[in-house]
Amino acid sequence: MLLYIHVPFCRSKCRYCAFVSRPLDMAEVEVYAAALPLEIRHFGKKLGRPKVETVYFGGGTPSLLPPWALSRLMPEINKHFDLHPAVEWTFEANPDSALDVEYLKILASYGVNRISLGVQSFSDAALTRLGRPHNAKTAMAAVNAVRQAGFVNLSLDFIWGLPNQREGAWLEDLKMAVRLRPEHLSCYGLTLEPGTPLAADAEAGGLELPTESEQGRMYIHGAEFLEEQGYLQYEISSFARMGFQSRHNSGYWEGRDYLGLGPGAVSTLSGVRHENPRDVREWAALAKTGRCGAGGVALTREERVREYVMLSLRTAKGLRLSIYRRLTGIDFLKENESLLTALRQKELIRLNNGHLRLTKNGFLVSNLILERLRY
Amino acid sequence: MDTSRIRNFSIIAHIDHGKSTLADRILEITGLINPRDMREQYLDRMDLERERGITIKAQTVRIPYKAADGKDYILNLIDTPGHVDFSYEVSRSLAACEGALLVVDATQGVEAQTLANVFLALDNDLEIIPVLNKIDLPSADPEAVKKEIEEAIGLPCGDAVSVSAKTGINVAAVLEQIIVKIPPPAGKAEAPLRALIVDSWYDSYQGVVVLFRVMEGTITHGQRIRMMYNNAEFEVIRLGAFSPGPKDFPSFGPGEAGFFCANIKTLTEARVGDTVTNAVNPATEPLPGFKEVKPMVFCGLYPVDAAEYEILKSALEKLRLNDAAFTYEPETSQALGFGFRCGFLGLLHMEIIQERLEREFGANLIATAPSVIYKVETLSGAIIPVDNPSKLPKTQEIAALYEPFARLEIHTPNEYVGGVFKLCEEKRGIQKDVRYLTATRVVITYELPFAEIVYDFFDRLKSSTRGYASLDYEIMDYRASDLVKLDILINGDPVDALAVIVHRENSYKFGRALALKLKRVIPRQLFEVIIQAAIGTKVIARERNSPIGKNVIAKCYGGDITRKRKLLEKQKEGKKRMKRMGNVELPQEAFLAALKATED
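Residues numbered from 1 in each chain as written. Chains lettered and ligands numbered in written order. Predicted model: local features only at pLDDT ≥ 70, side-chain atom pairs only at ≥ 80, totals over all residues. Heavy atoms only, no water.

1. Topic: the domain arrangement of chain A
Residues and elements named next belong to chain A. For clarity, the cut-off: Each domain's limits were defined by an automated method or a database of domain assignments. Two residues form a contact once any of their heavy atoms are found within 4.5 Å. Throughout, buried area stands for the accessible area (probe radius 1.4 Å) lost by two parts on being put together, summed over both.
In terms of domain boundaries, chain A breaks down into domain 1 (2-253) and domain 2 (301-372). When each unit is reduced to the centre of its C-alpha atoms, the spacing between domain 1 and domain 2 is 29 Å. In this assembly, 14 residues from domain 1 lie in contact with 10 residues from domain 2. Together, the buried faces of domain 1 and domain 2 total about 1100 Å²; carbon and sulfur atoms form 67% of this surface. Sorting the residues of domain 1 by area buried against domain 2 places Ile220, Ile236 and Trp253 first, and these three jointly supply 48% of that buried surface.

Dropping the structure here:
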């Protein structure tokens, strides 16, 4: 099982982020730190101290949790879950809140062994436009701090396709990133989420986004560069040095069970999906009364198949045709014969070893391919 | 019943000039309908009609009325369909009346179709009572409109009634004029039965319901009757009148109107305009004016999903039961698969049927651009009708091509005359007449190819006259034309459903416009789309939509999966309305692009 813990606090809101968050409010952190142990305990008991292979603290900004809060939460995890001896335990951090080596050492002392830093860009102008509270210098300092605290598994997040960004600038970002020798990189194409200030700017015509073809080049050339540097692309947006693929994230794409705790967290256990209330107090009230986790919805077989196709095609491994056949009784290749032929001709897909895989160019238009495939 | 106490009338009006509202008020004032039970446009049975404000099927309603002279009368309101596509049906409804109310919007003036129907009424020797409606509106100018009616129709308007059908002002005066001015019906009760079929429709419980007006003789419950067009005989098993709901009557004499059921299975056995007579001792001559209506406009209708073919087929069968003017037969398109070639009286008729199919039968449709019937003279001298451009024989087999011409009458305020001329010239029109009804209102008559009307004529006329013009047309004859088939190729393959027949002179311009229009309506997609227009083997236009370069969900972790899956499901659902051709997906609009090719 994968364990995900959601930390809903941010110091300030980024202009591209659609997540509902409010400025950090210590009273709310108090409520959170009191309720989360109850939820951990509840599920630990309910699931009979289940085996957990990976833990992931995501947000929001988990690194905003003060040490006193951590001291209440972290020991509960070990107590109520059976953590694998080689557990992958990730903690997301923003550069500006990960400068304190002592703080990072505290994390390590609880068992955290992987840090994911939201660097996003090395261009200060770009960071300002995104509303990020840090600059490039801070990001470098954070990387140093993480290493100094003894972490050997570090991931950096970047965004490409930013306003005013050209292909050259993006490749420059990647070069600098690679010089820092992180074990893992996530490179996300900028998504204009409806309702965000950035999307509003775009609608008002105030954004100079790279053209579609330039964005395509950023993606392909960026991925090629990273592979030359020893980072293998194992998913649409994920690159890792050998052996450092995120086991937690890969678990989602492989369709494994995951338990999500904290406000707004989603769980999928034995085909039943459940989502916690997003509001911190509403969620905390449920955790206190032990009514958390009620009201899940069982996925239909069709939904599970659709998710399997959608998620497996995100990965470099691709969709295993024999699994599809076992799930549906249908031959995926026959069902999509003429489309697959055309996609192969355009080198958008590859077929080998019983797997259907998207190529880099295929990843870039994966939504269109998923829309067209019959499954 | 005493014919001197019967008045049969219909209401002639342009769409939106208030016909249905006036009918509503009459039903209310005579007490036939309790105001509590009133709903707007009471006589229009079908949802579609109420929504679009058009009466498609005729209706008759029997209204008892105590007049100012203290006597009891029966008024039969014989309502008519109100659109140019249905002028034959209108003429039959009018033939069943002795008089008509001419309702004109006092804020608008006379429109082309109104005028056409008034002339139909005059042909049938009807007494016409002018009624000026909407006088409650501040912009109403009844005096000017009266003058216009006098000048345009030559109808004295001294006694014209000014009303507001909406508020009910003066509607009572209209009823009195009906009694005083419209003559009672003539016709002998003892003569052999001759009843005019005004309309008929199919009812799943009673079979065909026939609306009729007795011209002579008597029709009785249980009587054996004969349809004079095909000599089929039936027994009247139900006889009645709508008043406003159906009420049974034992018999009807001359001048009366009502409905009967006689175990009739199909509408073709009870055609509008046919004469009903006795089976025993029948009349020798049918009533004049019968015509077999023929569809003039054709289009292909295809299910978007081939699996829905049977649903579409049974939906068409059901529609045909209720609409003798509509025809369909199976057809196969390389591009669209199995479907039907459907024939309609005109464009409105076509739109109504398409809408009804989608709405009542839930069939997801692709409709191809409408076509008229061309006549092809082959080298061997045979004449072949062609209702589908893709079926046109090869150029080397054609000796001559003929297309239907229509006589078109356009009413417009004088400031738009220039625009109307320009449009008609562009549409290959031949000017026949320009007549000033008043100093500011003009009637323009053109002869032009019917195909040009079927294309975007209505919309173009509307935009070049800011909606102030109205038009009426009738098909005249076939004339030789220098026509060519324009093929459309998508990624190199001709798409039969996109082929059009155009005049050679316009073909290059049209081909370029159509290719450009297709480029705009076919969305960019996963694969490149190349659109070519060709005449014979010669490509005359080429457009290209490059493939989409980026469409990817950047992040998809545990909390995102449901949302992303639903997004994808929604997108896939949206694609179901697209027709896939090879690797290209074509939206419904692509098949109608020919209609809008020259609009901008």
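From this point, things continue past the structure.
2. Focus: the pairing of strand β1 (residues 6-13) of chain B
Residue and element names in this part refer to chain B. The test is simple: Exposed residues in this analysis have more than 50% of their type's maximum accessible area, buried residues have under 20%, and partly exposed residues fall in between, with area computed by a 1.4 Å probe over protein chains only. A run of DSSP states H or I qualifies as a helix once it reaches four residues; a run of E qualifies as a strand once it reaches two. Both are numbered from the N-terminal end. Paired strands, as defined in this entry, are two strands with at least two bridges between them according to DSSP.
In terms of burial, β1 is a largely internal element, eight of the eight residues being buried. Residue alternation in β1 divides its side chains into two sets, Ile6, Asn8, Ser10 and Ile12 and Arg7, Phe9, Ile11 and Ala13, and both sets are buried. Relative to strand β3 (residues 72-79), β1 runs parallel, the two sharing four bridges. Each residue of the ladder has a partner; that of Arg7, found in β3, is Leu75. Of the strand pairs in this sheet, β1 and strand β4 (residues 99-105) are connected by five bridges, and their pairing is parallel. Along β4, the bridge assignment pairs Ile11 with Leu101.

3. A short note on the packing of helix α1 (residues 19-29) of chain B against helix α6 (residues 171-181) of chain B
All names here are of chain B. What counts here: With axes taken as lines fitted to C-alpha atoms, and helix axes fitted only over the stretch in contact, angles between N-to-C directions fall between 0 and 180 degrees. Any angle between 65 and 115 degrees counts as roughly perpendicular, while under 35 counts as roughly parallel, over 145 as roughly antiparallel, and the rest as oblique.
Between α1 and α6, the least distance of the axes is 10 Å, while the angle of their chain directions is 85 degrees. On the basis of their axis angle, the class for α1 and α6 is roughly perpendicular. Here Leu22, Arg25, Ile26 and Ile29 of α1 come into contact with α6, specifically with Val171, Ala172 and Leu175.

4. Some thoughts on the packing of helix α2 (residues 67-80) of chain A against helix α3 (residues 101-110) of chain A
Residue and element names in this part refer to chain A. Selection criterion: Two helices cross in a left-handed way if the nearer one is turned anticlockwise from the farther one by less than a right angle. They cross in a right-handed way if the turn is clockwise. Note on residue classes: Ala, Val, Leu, Ile, Met, Phe, Trp, Tyr, Cys and Pro are nonpolar, Asp, Glu, Lys and Arg are charged, and everything else, Gly too, is polar.
Direction vectors running N to C along α2 and α3 enclose 15 degrees, while the axes themselves pass 10 Å from each other. As the angle between them shows, α2 and α3 are arranged roughly parallel. α3 is crossed by α2, and the crossing has right-handed handedness. Taken together, the residues of α3 that come into contact with α2 (itself represented by Pro67, Leu70, Ser71, Met74, Pro75 and Asn78) are Tyr103, Ile106, Leu107 and Tyr110. The residue makeup of the contact of α2 with α3, split by class, is eight nonpolar, two polar and no charged.

5. Regarding the interface of chain B and chain A
To be explicit about the condition: Each reported salt bridge corresponds to a side-chain nitrogen of Lys or Arg within 4 Å of a carboxyl oxygen of Asp or Glu. Any pair of N or O atoms that falls within 3.5 Å is considered a polar contact. Within protein, one atom must be able to donate a hydrogen and the other to accept it, and sequence-neighbouring residues count only if both atoms are side-chain atoms.
Listed by partner, the interface residues are 31 residues for chain B and 44 residues for chain A. Counting each side, the surface lost to burial between chain B and chain A is near 3500 Å², with a carbon and sulfur contribution of 55%. Ranking the residues of chain B by area buried against chain A places Leu526, Lys550 and Tyr557 of chain B at the top, with a combined share of 20%. The tally of links from chain B across to chain A stands at six salt bridges. Measuring nitrogen to oxygen at the nearest pair gives 2.6 Å for the salt bridge that ties Glu569 of chain B to Arg306 of chain A. Summed over the shared surface of chain B and chain A, the number is 24 residue pairs in polar contact (both at pLDDT 80 or more). Only α12 (561-575) and β33 (584-586) of chain B provide two or more residues apiece to the side of chain B that touches chain A. The biggest single contributor to the side of chain B that touches chain A is α12 of chain B, with 10 residues. Among the residues making up the side of chain B that touches chain A, the classes are represented as 12 nonpolar, eight polar and 11 charged.

6. Some points on the confidence of the model for chain B
All names here are of chain B. Put simply, the rule is: Note: pLDDT gives the predictor's confidence per residue, expressed from 0 to 100.
Taken over all residues, the pLDDT of chain B has a mean of 89, while the share at 70 or more is 96%. Note that pLDDT drops below 50 for residues 46-55; the model gives that stretch 33 contacts with residues more than four away or on any other chain. Complex prediction metrics read pTM 0.77 and ipTM 0.94.

7. Some thoughts on the sheet that holds β3 of chain B
What holds strands together in a sheet is hydrogen bonding between their backbones, with the strands either parallel or antiparallel. All names here are of chain B. The strand order β2-β3-β1-β4-β5-β6 describes an open sheet built from six strands, whose pairing is mixed. Unpaired on one side and paired on the other, β2 (59-66) and β6 (161-162) mark the two borders of the sheet. Looking at chain direction, β2 and β3 are connected through eight bridges and run antiparallel. When the sheet's bridge partners are listed, Thr60 is paired in β3 with Ile78. Packed on one face of the sheet, helix α5 (residues 142-153) meets β4, β5 (127-133) and β6 and runs near 130 degrees to β4.

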